[in-house]
Amino acid sequence: MADTTLRFDLPEPLPRSLPVLALRRGVLLPAGISAFGVARSLSRSALDASHGGYVLIAVQRDPVAEPLPSDLLPIATLARVVERPDAGRVIVQGVARVRLTGFPSTRPHLEATFERVVEMWEGSPHHEGLTRTLIEAVKETAELLGGQERAAPILSLATEPGRLADAVASLIEAPEEWRRELLQTADPVVRVERTLTQ
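Given the structure is predicted, the values throughout are model-derived calculations rather than measurements.

Caption draft 1: Broad picture of the layout of surface pockets. Estimated volume of the second largest pocket: approximately 260 Å³. Arg 116, Glu 119, Glu 160, Arg 163 and Arg 191 are, among the 17 residues lining the second largest pocket, the residues nearest its centre. Among the elements of the structure, β5 (89–105), α4 (161–171) and α6 (188–197) are those that each provide at least two residues to the lining of the second largest pocket. Per-element tally for the lining of the second largest pocket: the top contributor is α4, with four residues.

Pasting the structure below:
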């Protein structure tokens, strides 16, 4: 059974580059846990080369078979490999939003340099109101999110509204395009607002 405890620890020191798992379909948001099929040799190689169980999960613009750096969206997710139940599947947890800054290697897998996306949350009365509204929405819809047991770890992110929005967005029914746009949105206030209106 996979350890689905949300953990946001990062390897120390954070490597300059990490292997990239390029997704043809699906989106992994920070604070989300997802399972993905791993069929391409490029993807298997990236997972085998993970640094202490960490990889970058990038979304492809279009579902091409052999993605190049130009095929990837610019914002990706630094992820922790939770489990590889078999050679064809992987379970990963999003840890942080990152901007891809370069590709020192494209074979035998994509390898990218990156920088963490810095989030600013001002704590104004408006922003605090948004956070309270999102927390109340999670409490009210806990059963739809998988019950109180599944909602409790999400609510523990209340001090980090951007992560809280990402965790909620990972669980709600939403079109993939909406999740892609949310991943590309660095501003946590905008992410909270979009999550509340979805």
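Caption draft 2: Region of interest: the environment of Asp 187. Mapping Asp 187 onto the fold places it in the loop between α5 (176–183) and α6. Polar side-chain contacts of Asp 187 include one of 2.9 Å to the backbone nitrogen of Val 189.

Caption draft 3: Focus on the nonpolar core. Membership of the largest hydrophobic core comes to 44 residues, with the highest contact counts inside it found for Val 20, Leu 56, Leu 72, Leu 78, Leu 100, Leu 164 and Val 168. With residues near it in sequence (within four places) discarded, Leu 78 still touches Leu 10, Leu 14, Leu 18, Tyr 54, Val 55, Leu 56, Gln 93, Gly 94, Val 95, Ala 96 and Val 98. The next biggest cluster of nonpolar side chains, apart from the first, holds eleven residues, and it includes Leu 21, Leu 28, Leu 47 and Val 55.

Caption draft 4: Highlighting the packing of α4 against α5. The N-to-C vectors of α4 and α5 enclose an angle of 165°; their axes lie 11 Å apart at closest approach. Taken together, the axes of α4 and α5 are roughly antiparallel relative to one another. Between α4 and α5 the crossing geometry is left-handed. On the side of α4, the interface is formed by Asp 166, Ala 169, Ser 170 and Leu 171, while α5 contributes Trp 178, Arg 179 and Leu 182. For the contact of α4 with α5, a count of residues per class yields four nonpolar, one polar and two charged.

Caption draft 5: Examining the pattern of salt bridges more closely. One pass over the structure, following the stated rule, counts eleven salt bridges. A salt bridge links Arg 180 to Glu 176; the shortest N-O distance between them is 3.7 Å. Taken together, the residues Arg 180 and Glu 176, both in helix α5 and four residues apart, mark about one turn of the helix. Within this structure, Arg 97, Glu 119, Asp 166 and Arg 191 form a network of salt bridges that share partners.

Caption draft 6: Representation of the side chain of Asp 166 in the model. With respect to the secondary-structure elements, Asp 166 resides in helix α4. In this structure the side chain of Asp 166 is engaged in a polar contact, spanning 2.9 Å, whose partner is the side chain of Arg 97.

Caption draft 7: How the structure looks around the pairing of strand β4 (residues 75–86). Relative to β4, strand β3 (residues 54–59) is paired through four bridges, and the arrangement is antiparallel. Across the sheet, the residue bridging to Ile 57 is Thr 77, located in β4. Sheet topology note: the β4/β5 ladder contains nine bridges and is antiparallel. Note on β5: the bridge partner recorded for Leu 78 is Ala 96.

Conventions used here
- Residues numbered from 1 in each chain as written.
- Predicted model: local features only at pLDDT ≥ 70, side-chain atom pairs only at ≥ 80, totals over all residues.
- Heavy atoms only, no water.
- 1 Å grid on protein atoms, 1.4 Å probe; cavity = no way out; pocket = protein on both sides within 12 Å on 5 of 7 lines; lining within 4 Å.
- Points joined across faces, edges and corners; volume = space filled by probe spheres on them.
- Helix = DSSP H or I, 4+ residues; strand = E, 2+ residues; numbered from the N terminus.
- Polar contact = N/O pair within 3.5 Å; in protein donor to acceptor, adjacent residues only side chain to side chain.
- Core = buried A, V, L, I, M, F, W, Y, C linked by side-chain atoms within 4.5 Å.
- Buried < 20%, exposed > 50% of the residue type's maximum accessible area, 1.4 Å probe, protein only.
- Contact = heavy atoms within 4.5 Å.
- Axes fitted to C-alpha atoms, helices over the stretch in contact; angles between N-to-C directions.
- Parallel < 35°, antiparallel > 145°, perpendicular 65-115°, else oblique.
- Left-handed = near helix turned anticlockwise from the far one by under 90°.
- Nonpolar A, V, L, I, M, F, W, Y, C, P; charged D, E, K, R; others polar.
- Salt bridge = Lys/Arg side-chain N within 4 Å of Asp/Glu carboxyl O.
- Pairing = 2+ DSSP bridges.

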